[in-house]
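# Observations on the three-dimensional arrangement
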Amino acid sequence: MKAVTWQGKRDVRVEDVPDPRIQEPTDAVIRITSTGLCGSDLHLYEVLTPFMTPGDILGHEPMGFVEEVGPEVTGLKPGDRVVVPFQIACGHCFMCDTGLPTQCETTQVTGEHMGAALFGYTRLYGAVPGGQAEYLRVPQAQYGPIKVPEGPPDDRFVYLSDVLPTAWQAVAYAGVPQGGSVAVLGLGPIGDMACRVAQVKGAGRVFGVDLVPERLQRARERGVETYDLRSFDNEKELVAAIQDETDGRGPDAVIDAVGTEAHGSAAAKLVQQGAAILPRKIGGPLAERFSIDRLAALNTAIELVRRGGTLSLIGVYGGMADPMPMLTLFDKQIQMRMGQANVRRWSDEIIPFLTDEDPLGVEDFATHRLPLADAPHAYEMFQKKQDGAVKVLMQP
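Below is a short write-up of the structure. The model shown is predicted, which means the values in this text are computed figures rather than measured ones.

Attention shifts here to the pairing of strand β9 (residues 181–185). Burial analysis of β9 places 5 of its 5 residues in the buried class, the great majority of the element. The alternating pattern of β9 places Ser181, Ala183 and Leu185 on one face and Val182 and Val184 on the opposite face, and all of these are buried. Note that β9 and strand β10 (residues 205–210) share 5 bridges and pair parallel. In the sheet register, alanine 183 faces β10, and the bridge partner there is phenylalanine 207. As paired strands, β9 and strand β12 (residues 253–256) are joined by 4 bridges and run parallel to one another. What sits directly across from valine 184, in β12, is isoleucine 255.

Here it is, written out as structure tokens:
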């Protein structure tokens, strides 16, 4: 089959690889019809290269049709249309039972001291072949795949794999009160969708911050009060402008949808790039012990949120030596919640919004639809924010 493989920093290729097969009685094999390119994939393209191995199959946002199931998979049969969550979880361990499948005790990558295995996402998360391919082996298929009806286009459901539950969790963790205010930093796919989710869940005012004109325009068209980062000389001016709109206090909650690759933070960027170009035997241990994130977005969020407010971190962070402004966090009595989205925890709440009325705007959410063969161009375009690329779907 054809699959998108990682070969090095900024080097992805579509190659012929062996077809997946049933290996465990709880496996399924899916024929993929649509697969997304995620902002998290760009971390592999640029920053997390010390944890990658040439030939790794990328991608964690697939959907398609069941081709084959193992003997212990119930509730699925060949021909079923399914969306595959990005994490691999059993559904019956202590963590899954408490709504935390990202911490599944059956699939935890204990050798790396990490949580549940993820599709297509570094050795830290199990080095499981990903979903930017023609076919995908799905472990723990008795729990993971979400059955969806035939008929509507893939765009109606494909975002259940990651974008929708990630944005949904970001808003849930933010704890925005009914009629309250929330600021979303970063209007890429997750930030954009988080704004939409906040609106349908009753936020009174939603502020969006970015520096890419197309992203700002998309959010503005859906009623988000947007702020162009390029219009301010520094972070304090941006913070003051939004605080002025909230009685001088700041919003009730701030969602950081940017993560480790925030603009600015030149020193941290230099460290990340240095680790990425070292041989893997050196760069991996260096990144694990001494890595730091570019914290511009997080520091802005801490300054912006009102006292007693909540920060929801949904952008990926991976630093082990990050400096944190603990005095400010403590003095402002800020609450923080974070983590990978627990897809099956939220999917049943989300599905009723995927109706013909399309209140979340999923059917026109993608800006680009490309064949899988064009994956190298898709990665480069998305990473460089070219051609208005906000969300890319690929079809094998």
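What follows deals with unusual backbone geometry. Here the phi dihedral of arginine 10 falls at roughly 55 degrees; this positive angle occurs in a residue that is not glycine. Mapped onto the elements, arginine 10 comes out in the loop between β1 (2–8) and β2 (11–16).

Moving on to the sheet that holds β10. One open sheet accounts for 6 strands, arranged β11-β10-β9-β12-β13-β14; its pairing is parallel. The open sheet has two edge strands, β11 (225–228) and β14 (335–338), and neither has a second partner. Here the average twist between neighbouring strands, direction ignored, is 20 degrees. Strand direction decides the pairing type here: β12 and strand β13 (residues 310–313), joined by 4 bridges, are parallel. Bridging across to β13, aspartate 256 finds its partner in leucine 313. Sitting on the sheet, helix α5 (residues 213–221) is in contact with β10 and β11, with an inclination near 165 degrees to β11.

Parameters and conventions
- Residues numbered from 1 in each chain as written.
- Predicted model: local features only at pLDDT ≥ 70, side-chain atom pairs only at ≥ 80, totals over all residues.
- Heavy atoms only, no water.
- Buried < 20%, exposed > 50% of the residue type's maximum accessible area, 1.4 Å probe, protein only.
- Helix = DSSP H or I, 4+ residues; strand = E, 2+ residues; numbered from the N terminus.
- Pairing = 2+ DSSP bridges.
- Axes fitted to C-alpha atoms, helices over the stretch in contact; angles between N-to-C directions.
- Contact = heavy atoms within 4.5 Å.

No statement about biological role is implied by the geometric values presented.
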